[in-house]
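# Examining the three-dimensional arrangement
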Amino acid sequence: MNAAPIRARLFMLALCAIGLWLVWTGQAPVDVDTASPPIRGSERSGDERGRAGQGDAATPASRALTGIDDAMAQEAPLLMRIPALRHRAEAGDARAACRLALELSACRAAAKRDDLSMTMEYVAATSEHAGRDPRVIDSIAEVREAAADAAPDCAGLETEGETDVVALLQAAAATGNARHRVIAALTQPDGSLLRLPRGPVHPLPMDPWVLTLASQFYADHALRYLDEGLRQRDPLALEGLILVHAPDVLVPSASTDAAFRLPNPRRFATLALLAEQVYGTDMLGSQTAQLLQRTLETFPEPERSRIEAEARRWARGWRASAASAPPPEAIDAQAIEALCR
């Protein structure tokens, strides 16, 4: 077989990847404490009626996920922990399902970044211009470092057969706590967790496993779960709703588009201002901050002032009780275990 066409395709893929890597895409005011209407008893599902009056108390299965499994989360690779996590996820343990889905997704992303770093290195070695560009060298180092950080957790793992973990998480979320439901709503069909972009886009190569077809779960539950998390001042829910309601597409750092979008400029602006005032501009990142400014400029002055006043009013309540924002990327077992609290 002639290797020249293959090398040419790799060369073009890497050039596109490097180009994308270097690009920085950088109604009444919403009451965030009453972001969704109350659900009447006749509208509740059987799972939700079973939760009535129980709040976010841990289920027996969730309480069982302690001890050796938590210790193994920091010491053993995911390959050794999959059977126990899968067993508990299939039994409805939302915390185990959350960890399984996010850890597998992190390992898939690490493998793709490793492939990308090798392709970028090939381009740098064969292209005089790319080889001298310090931005290209820095990008290669960043991709390699991101892949290496997850390598210990992903040793020996083949992820292609684990294609039902997102469905397991979505099914188990109803019996978990509000954070589990928020994560289920933000976990995309390919297993990646939707987060606000803080930096340049990572142009990950196409993965043949990736599922792109959104399931009915998103239409039936996702927005309601995010609204629930928002009422409980969960910063992940705030991030998700900013992305969902953005009036223009925000490209997440993992190059994963949202499974559903409901553009709403007023709600986007209010929530983005709330995030900026409670968590600082670092939470928004350059893309979202620029889109927020563009969006505010579309409103006449009286309405813009009302949006800003509403965000300030809700920020006062959030500062008193809001959880701290998780790091932009959870790429190791310990960070994911904390995320799936």
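Conventions and cut-offs
- Residues numbered from 1 in each chain as written.
- Predicted model: local features only at pLDDT ≥ 70, side-chain atom pairs only at ≥ 80, totals over all residues.
- Heavy atoms only, no water.
- Disulfide = S-S within 2.5 Å.
- Helix = DSSP H or I, 4+ residues; strand = E, 2+ residues; numbered from the N terminus.
- Buried < 20%, exposed > 50% of the residue type's maximum accessible area, 1.4 Å probe, protein only.
- pLDDT = per-residue confidence, 0-100.
- Contact = heavy atoms within 4.5 Å.
- Expected span 1.5 Å × (residues − 1).
- Bend = angle between axes of the 7 residues up to and from the residue.

Here the focus is the state of the cysteines. Going through the model one piece at a time under the given rule, you end up with two disulfides. A disulfide bridge connects C98 with C340, and the sulfur atoms are separated by 2.0 Å. Where C98 bonds to C340 through sulfur, the torsion about that S-S bond is close to -70°, and the disulfide is left-handed. Of this pair, C98 sits in helix α6 (residues 94-126) while C340 sits in the segment after α16 (333-339); the two residues are 242 residues apart in sequence, bridging distant segments of the chain. For the residue pair C98 and C340, the accessibility class agrees, reading buried in each case.

Attention shifts here to the confidence of the model for the chain. Per-residue confidence for the chain gives a mean pLDDT of 74, with 60% of residues at or over 70. Every residue in residues 1-68 is under pLDDT 50, and counting partners more than four places away or in other chains gives 101 contacts.

Its 13 residues place the ends of helix α5 (residues 78-90) 17 Å apart at the C-alpha level, agreeing with the 18 Å of an ideal helix rising 1.5 Å per residue. The principal kink in α5, of about 30°, is found at A84. Among the residues of α5, L78, R81, I82, L85, R86 and A89 are the ones counted as buried. Phi for G92, located one or two positions after α5, is positive at around 100°.

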